[in-house]
Amino acid sequence: MEEILRRELGTSVLRRAGHSGGGCISQGESFHTDHGRIYVKVNSRAEARRMFDGEMASLTALLQTNTVKVPKPMKVIDHPESGALFVMEHLDMRGLNRHAEKLGTQLADLHLHNKKLGEKLKKDQNTIGQSEEQTGVQFVEKFGFHTVTCCGYLPQVNEWQQDWVIFYARQRIQPQMDMIEKNSGDREAKELWAQLQLKIPSLFGDMEIIPALLHGDLWGGNVAEDDSGPVIFDPASFYGHSEYELAIAGMFGGFSSSFYSAYHSKIPKAPGFDKRLKLYQLFHYMNHWNHFGGGYRGSSINIMRNLVK
């Protein structure tokens, strides 16, 4: 691996920095190089390249909003034996503590970023002789993303869609249900999903949902802080409903009341928020079911039962 990194990064210095880590999907390690410290994620799965390409695109998109700190992505490298490496900036991170409130504010800024671009675009179109100056980030009017991203190692269907409710049902829950059916043939899950599909539109009423760039997998293990403030990492980004982001955040803990207060002071809860949050948690429970097995079946079934009542 070190020989590959030296060649691909054009560095003569490559010395282990003593920081290693990783989760249930990939492993990682830090190195000193000619260009400063780097962090390298390693995954030997056949689908690692697709997973890391999606993560690099996600980090790039998040970075361009200039709202919340993420590690700067550098390069995805194929491993000659199997899998891939993902090289990014090394950050000295520790657990989120002092900067929880600031993260709530910055996450809301991230979610409002595309909306503000849309408002500026509309204002410029109504201004005679407006400048043709272009920023790097353009307003996005549909739901989806320009490339595949993975939540865990499973790919997300990110084809652009005009309607959020259709996008969520067809491109988030349905692929999870297809995998469950293929792997376990769970009849109850299939029957409940058939009922829930009919109910989903009523959970949204006449809400206007403007696409928001999401981190996409914002649980407590993917947030931290450094001396400058909060950091988020390991994203699975796409443009979706801002409420979706808070679903997995509420499933496994790690977020304080100050985080939620700061967030909702900028993006208040809309009517029906709590039911929609359960609908969004359904994706993550099913995704865990497909990753880690039937231990997550009960939570998935309970959510569907409660939502179809």
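Predicted, not measured: the structure shown is a model, and the values here were computed from it. (Residues numbered from 1 in each chain as written. Predicted model: local features only at pLDDT ≥ 70, side-chain atom pairs only at ≥ 80, totals over all residues. Heavy atoms only, no water.)

Engineer: Please explain the pairing of strand β3 (residues 36–43) as it appears in this structure.
Structural biologist: Regular strands show a simple pattern: their side chains alternate between the two faces of the sheet. As paired elements, strand β2 (residues 27–33) and β3 share seven bridges and run antiparallel to each other. Residue pairing across strands places S30 opposite Y39, the latter belonging to β3. Connecting the antiparallel pair β2 and β3 is a turn made up of two residues. Judged from the six bridges that link them, β3 and strand β5 (residues 84–89) form a sheet pairing that is antiparallel. Residue pairing for β5: V40 is matched across the bridge by V87. (Pairing = 2+ DSSP bridges. Helix = DSSP H or I, 4+ residues; strand = E, 2+ residues; numbered from the N terminus.)

Engineer: What is the right way to read the nonpolar core from this model?
Structural biologist: The tendency in soluble globular proteins is for nonpolar side chains to be buried as a group. Ranked by internal contacts, the top residues of the largest apolar core, which has 74 residues, are W164, F204, L279 and M304. Sort the elements by how many residues they give to this core and helix α8 (residues 273–292) lands first, with nine residues. Residues contacting W164, with those up to four places away along its chain left out, are F143, F204, I209, F238, G240, H241, Y244 and Y280. (Core = buried A, V, L, I, M, F, W, Y, C linked by side-chain atoms within 4.5 Å. Buried < 20%, exposed > 50% of the residue type's maximum accessible area, 1.4 Å probe, protein only. Contact = heavy atoms within 4.5 Å.)

Engineer: I tried to follow the packing of aromatic side chains on my own but got confused; where do I start?
Structural biologist: In this description, a pair of aromatic rings is defined by centroid distance and the angle of the planes. The tally for this structure, following the rule as stated, stands at 20 aromatic pairs. Consider the rings of W164 and Y280, whose centres lie 6.0 Å apart with planes at 65 degrees: the pair is edge-to-face. Note that W164 is positioned in helix α4 (residues 164–184) and Y280 in helix α8, a separation of 116 residues in sequence. A relative accessible area of 3% means that W164 is categorised as buried. (Phe/Tyr/Trp six-rings, centres within 6.5 Å; stacked < 30°, edge-to-face > 60°.)

Engineer: Is there a simple way to think about helix α2 (residues 48–65) in this case?
Structural biologist: Within an α-helix, residues lying three or four positions from one another point in the same direction, as the helix has 3.6 residues per turn. If you check α2, its first and last C-alpha atoms are 26 Å apart, about what 18 residues at 1.5 Å a residue would give, namely 26 Å. Every buried residue belonging to α2 is among A48, M51, F52, G54, E55, A57, S58, L59, A61, L62 and T65, and all of these are buried. Those residues of α2 that are buried lie in contact with β3, β4 (73–78), β5, α3 (100–125), β6 (150–151) and β8 (212–214). Following α2 by one or two positions, N66 adopts a phi angle in the positive range, close to 55 degrees. (Expected span 1.5 Å × (residues − 1).)

Engineer: Sorry if this is basic, but what is going on with the pattern of salt bridges here?
Structural biologist: It is possible for side chains of opposite charge to pair when their charged atoms get near one another. One pass over the structure, following the stated rule, counts 20 salt bridges. Between E55 and K41 there is a salt bridge, with its nearest N and O atoms 3.0 Å apart. Here K41 lies in strand β3 and E55 lies in helix α2, a separation of 14 residues in the sequence. According to the relative accessible area criterion, E55 is buried, its value standing at 6%. (Salt bridge = Lys/Arg side-chain N within 4 Å of Asp/Glu carboxyl O.)

Engineer: Help me understand the side chain of R276, please; the structure alone is not making it clear to me.
Structural biologist: One can find R276 in helix α8. For R276, a relative accessible area of 1% corresponds to the buried category. Looking at R276, its side chain comes within polar contact range of the main-chain oxygen of A270, at 3.5 Å. What R276 contacts, discounting residues up to four positions off in sequence, is L203, F204, M207, H241, E243, A270 and P271. (Polar contact = N/O pair within 3.5 Å; in protein donor to acceptor, adjacent residues only side chain to side chain.)

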